Every structure is written in C-alpha cells, then in structure tokens.
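Report on the structure
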Amino acid sequence: KEQPSDLLTVFLGPDGKACEFGNKSEWKHSDSVGGITGTLRELLDCAGLTLDSNPADLFPGIVAGSSHLRTTGLRLELHLHLEQELFGKTSVFIRVVAVPVTSTMESSESMLPNFLTTTASATTRRSRRAHGVAVSMPSLTGRIYTFNWFHVLRGIIDVTVVLQ
C-alpha cells in the first residue's frame, strides 16, 4: 500500500543556494512521481560551470589535455544528503560536483594487402577520442528516524524490571 509522502528534493549550487533543475529548484513528491528530469545545461549550471569551462580551474594543479571540458570530458557527481525532522518531514539535498576525466583514445590499425604486388601492403590507422559526460551518485549521507513498537515495549519492560 502506497503511503503519502512529504519528501522534498532540493538541488543546490556550489554556493549552497537552491538552483533550478527541470525548471524547479524544489521538487515535491507529488511533482516527481514520473521522475525528476532536466537538461545537461541545468546540471552544469548547478555545478557552476559550462562545457567551455577550463578543467584546470576546477582542480588547480591538474594537467589537462584541453582548455575546456567540451573536449576533455567530465563526470557529474550527484551527492545526496537526506535530512528528516523528528516528526517526519524528509528532504533530500542534491549537490552537483564536476570532476574532469580524461577522454579515451581509441585506435584501430589494419593491414591491407596490396594485390598488385605480392611483397607490399598498406597500413591504415584510425584514431578517435571519446568525449562525454558521465553522471554518477557516489555518496548518500544523512539520517532517517524510525519508530519500532518492539523497542518501545522492550524499553518499558527494562525500566519496570530495574525499578523493582
């Protein structure tokens, strides 16, 4: 049986203030029943950058193969933090962190026989860089309160035994 929920999901920018994802900065449970959707541009805005940002600005000291994330590639990490008030209201705060990742180089090489002579052949090489944006959720932190009648009853019995 589905129970009503007052879950609130909030996307946070790098400054800790709410940022918009899917044209909303706060998603109520009733709004997110079909899923929370948004664009890559909105996720990048929540991370405080664009595809043209310099990877060296994100992590000083790294050696980047390119001067912008568009050709370097990146991973957007969604860090979730759960908070529940004592009497039930639950909120999830999502902070987007960008991590530059090096693009991979794929090469393929093939030998083609030359049919005109028997001793010669031709070699072809093809190299491609794989650029992209990966999204991951490396951490979920926070606390949720639960209520258990067994523990309440056990506590009452323990207190009664000690007082006798």
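Residues numbered from 1 in each chain as written. Predicted model: local features only at pLDDT ≥ 70, side-chain atom pairs only at ≥ 80, totals over all residues. Heavy atoms only, no water.

**A short note on the side chain of His 79**
By the element assignment, His 79 lies in strand 3 (residues 74-84). According to the relative accessible area criterion, His 79 is buried, its value standing at 16%. Within the structure, the side chain of His 79 is placed 2.8 Å from the side chain of Ser 139, a separation counted as a polar contact. Ignoring sequence-local partners within four residues, the contact set of His 79 consists of Phe 93, Ile 94, Arg 95, Val 97, Pro 138 and Ser 139. (Helix = DSSP H or I, 4+ residues; strand = E, 2+ residues; numbered from the N terminus. Buried < 20%, exposed > 50% of the residue type's maximum accessible area, 1.4 Å probe, protein only. Polar contact = N/O pair within 3.5 Å; in protein donor to acceptor, adjacent residues only side chain to side chain. Contact = heavy atoms within 4.5 Å.)

**Quick word on the packing of aromatic side chains**
Per the counting criterion, the structure on display carries one aromatic pair. Pairing Phe 11 with Phe 21 gives two aromatic rings, centres 4.7 Å apart and planes at 40 degrees, and the pair type is tilted. Remark: Phe 21 occurs in the loop between strand 1 (8-12) and strand 2 (26-28) and Phe 11 occurs in strand 1; sequence separation between them is ten residues. You can call Phe 11 buried: its relative accessible area is 4%. For the cation-ring pair, Lys 24 lies above Trp 27, with the distance from its terminal atom to the ring centre recorded as 4.9 Å. (Phe/Tyr/Trp six-rings, centres within 6.5 Å; stacked < 30°, edge-to-face > 60°. Lys NZ or Arg CZ within 6 Å of the ring centre and 35° of its normal.)

**Points about the nonpolar core**
In this structure, Phe 11, Leu 76 and Val 96 are the most contacted members of the largest nonpolar core, which totals 19 residues. Every element with two or more residues in this core is listed here: helix 1 (40-47), strand 3 and strand 4 (90-100). Take this core: its biggest share by element is five residues, from strand 3. When sequence neighbours within four positions are dropped, the list of residues in contact with Val 96 reads Leu 12, Leu 43, Cys 46, Ala 47, Leu 76, Glu 77 and Leu 78. (Core = buried A, V, L, I, M, F, W, Y, C linked by side-chain atoms within 4.5 Å.)

**Overview of the pattern of salt bridges**
Under the defined criterion, the tally for this structure stands at three salt bridges. Asp 31 serves as the salt-bridge partner of Lys 24, at 3.3 Å between the closest nitrogen and oxygen. The partly exposed category is assigned to Lys 24, whose relative accessible area is 29%. Here Asp 158 ties to Arg 154 by a salt bridge, and the two come within 3.4 Å at their closest N and O atoms. Note that Asp 158 and Arg 154 are positioned in helix 4 (residues 149-163) at a spacing of four residues, about one turn of the helix. Judged by relative accessible area, Arg 154 falls into the partly exposed class, the value being 47%. (Salt bridge = Lys/Arg side-chain N within 4 Å of Asp/Glu carboxyl O.)

**Some details on the pairing of strand 1**
Within strand 1, five of the five residues are buried, which leaves it mostly tucked inside the rest of the structure. Residue alternation in strand 1 divides its side chains into two sets, Leu 8, Val 10 and Leu 12 and Thr 9 and Phe 11, and both sets are buried. When strand 1 meets strand 2, the two strands line up antiparallel, connected through three bridges. Among the inter-strand pairings, Leu 8 is bridged to a residue of strand 2, identified as Lys 28. Bridge count for strand 1 against strand 4 is five bridges, and the pairing is parallel. Along strand 4, the bridge assignment pairs Thr 9 with Val 92. (Pairing = 2+ DSSP bridges.)

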